[in-house]
Amino acid sequence: MTPGTLMQYVALCSVVLSAAFTVLAWRYRDRPGARPFLALLVGVTWWVATAAAGMWTTNEQMHYLLVRLQYPGLAVVPPAWLLFALEYTGRDEYVTRGSIAAVSVVPALAVLGVWTNPEFGLMWHDRWVETVAGVAQFEGSFALGFWLFTVYSYLLLGVGATMLLMLALDSSSRYRRQAAALVLAVTIPFVMQVLYHTHPGPVPRVNLTPFAFIGSAAIGMAAVGRFGFLESDPVASQVAPDRVIERLDDAVVVLDGNRTVVDANPAAETLLGPGVVGHDAETVLPGELDLDALADGGTAGEVPTVERQLDGDPRYYDTTASALRDRRGAVTGWVVNFHDVTDRRRRERRTETLTRVLRRTLREEMDAVYSHAGEMREDDEVVADLQEHAQDALEVGTVAEEFEPLLGDSVSDPPADIVPIVGEELDRVRERHPGVDVTLDAPLGEWAYCGALFEPVFRALVNDAASRATGSDPQVAVDVRVDEGAGEVTVSVADSGPARPDSDLAVLCDGVVPTETDDSDASTLSLWLVHWGVDHLGGAVAVPEGSSRVDLRLPLVDDQQ
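Now for a quick tour of the structure. (Residues numbered from 1 in each chain as written. Predicted model: local features only at pLDDT ≥ 70, side-chain atom pairs only at ≥ 80, totals over all residues. Heavy atoms only, no water.)

## A short note on the pattern of salt bridges
- On inspection of all chains with the given rule, the structure shows 13 salt bridges.
- With a shortest N-O distance of 2.7 Å, Asp340 and Arg315 are connected by a salt bridge. Of the two residues, Asp340 is situated in strand S7 (residues 331-340) and Arg315 in strand S6 (residues 313-325); the sequence distance between them amounts to 25 residues.
- Judged by relative accessible area, Asp340 falls into the partly exposed class, the value being 30%.
- Its relative accessible area of 22% is what places Arg315 among the partly exposed residues.
- A salt bridge links Glu425 to Arg459; the shortest N-O distance between them is 3.1 Å. Here Glu425, found in helix H14 (residues 418-432), pairs with Arg459, found in helix H15 (residues 454-468); they are 34 residues apart in sequence, far enough to count as distant.
- Among the residues examined, Glu425 registers a relative accessible area of 2% and is labelled buried. (Salt bridge = Lys/Arg side-chain N within 4 Å of Asp/Glu carboxyl O. Helix = DSSP H or I, 4+ residues; strand = E, 2+ residues; numbered from the N terminus. Buried < 20%, exposed > 50% of the residue type's maximum accessible area, 1.4 Å probe, protein only.)

Following this line, the structure appears as structure tokens:
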């Protein structure tokens, strides 16, 4: 087999591979960039087919006809490549009818110039056919129109390749390999064209571009099979080119059309774990999420809430999804948003518990009043009992008023100076409970400041301790210690009563009011106020085992806050 025959058959292989790749790409015609890419492949296939046919004939008229037939396909390639690069890299807003017409003007004039060259000589002044290395080659003395079209084509190819190269160099994109493969695929025929026009190639005066498309087609097919080219949508990864989502407090995850995670902000990696990009959504998103329902906008307008453990604490997130669409309205991916609603859930829980405790307490107290009302005549004991129950109901209302600040999002009052607060509250306790010995051990300075909720929290705790103090010598001991290095203050309140029961521990330490409890009076609500107030201040409540002492650990704050 002669070298010329070998090149002719290799050119035919290029035609077959280009056509096969075109058929393969047709399956993904609804993907972003697929339509201009298909136009590009059709143009390449037509260009290579007519160029290969020209290698088989030395008849000047036939060869000249095949050259003129090449140009419609050749003219399609540069604008189609640019339009593909725009859509593929998420810049499809620039792909409009006006922009398509604008980039197609010069190629259209080039085709017109080729077919009218005998009359006007815009593309070449003279032409002839040479046989080089056993194959027929078109030659000519090229005119200004040819060089303008060549430079314009290289410009479009270069701009498109640059956009893909930027995507390939983006370390945060999972489409780097796809983009790099495309840049390499377009570079090979581009280099061969340059070598043909400058004549320093391995086979001088032979246009090896058709042969180069063998490599380009092979790279394209490898990109489809290995890197998922055309199966996934890089446009989804360009949803936030300015990285705005990186600075959002909400956790945000971006999925492509195959529901693969293509981007996740730091908050999402904190929530879902590091390294989620590149994984299937079903493997990294919370299992209780219905992806199908979420992708369709939820079920009956409901927003699903998921629970996650972060640093040992439960957190709650409302989850929504928004579809990403291209300019034709086709879905290219989704943005899944996790909005932290933990504070809202806590407020709801507090409100529900408060309502339950108030309802149960008031019902029991008023049942007692109703029961005794029928017996009340001149019985002093019954009257005293009614007064006691009424006083209990009033105390519940007073504690509920103290609880009100905890139902808001935040407390904007200035920081509390705990020195005068502790002293004033202990004076009040001494007045209310003259039989209780109240002591204070607090070597404090004027700089001991806590959040504004310290006052109602301390008041509720010390009054509860005074009501529990029993024995022949009832006592309440308050101890305050400041750890400047740790930035916290510990306030301990102990009484001479018995060890705290489990029901008290559940309320104080966990904020859980048992559904069935005999202690449904103001004491229970006071202890619950202590727990949630300390939690709101960012502190913690501890009760030593078998003790009546309650320790409050609260963070110190700046007195200018």
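## Structural notes on the sheet that holds strand S11 (residues 475-483)
- Taken in spatial order, the five strands of this open sheet run S9-S11-S12-S14-S13, and their pairing is mixed. This sheet does not close on itself; its edge strands, each paired only once, are strand S9 (437-441) and strand S13 (540-542). Across the sheet, the mean angle separating the axes of adjacent strands is 15° when strand polarity is ignored.
- Sheet strands in contact with H14 are S9, S11 and strand S12 (488-495), and its direction is about 170° off that of S9.
- Against the sheet, H15 contacts S11, S12 and strand S14 (550-555), and its axis sits at roughly 20° relative to S12. (Pairing = 2+ DSSP bridges. Axes fitted to C-alpha atoms, helices over the stretch in contact; angles between N-to-C directions. Contact = heavy atoms within 4.5 Å.)

## Description of the environment of Gly54
- Note that Gly54 resides in helix H2 (residues 34-54).
- Here Gly54 falls in the buried class, since its relative accessible area comes to 5%.
- Taking the C-alpha atoms as reference, Gly54 lies 9.0 Å from Leu65; in sequence the two are eleven residues apart.
- Apart from residues lying up to four places away in sequence, Gly54 is in contact with His63, Leu66 and Ala136.

## Details of the nonpolar core
- One finds Phe37, Tyr71, Trp81, Trp124 and Leu164 to be the most contacted residues of the largest nonpolar core, which totals 50 residues.
- Contributing elements (two or more residues each) for this core: helix H1 (3-26), H2, helix H3 (60-88), helix H4 (97-115), strand S2 (135-142), helix H6 (144-168) and helix H7 (176-198).
- Among the elements that line this core, the one with the most residues is H3, at 14 residues. (Core = buried A, V, L, I, M, F, W, Y, C linked by side-chain atoms within 4.5 Å.)

## Looking at the pairing of strand S3 (residues 251-256)
- For S3, a buried count of six out of six residues is recorded, marking the element as mostly surrounded by other parts of the structure.
- Of the two faces of S3, the one lined by Ala251, Val253 and Leu255 and the one lined by Val252, Val254 and Asp256 are each fully buried.
- Pairing geometry for S3 and S7, over six bridges, is antiparallel. In the sheet register, Leu255 faces S7, and the bridge partner there is Trp334.
- Where S3 meets strand S4 (residues 261-264), three bridges bridge the pair, whose relative direction is antiparallel. By the bridge assignment, Val254 is partnered in S4 with Asp263.
- Connecting the antiparallel pair S3 and S4 is a turn made up of four residues, with Arg259 showing a positive phi of about 65°.

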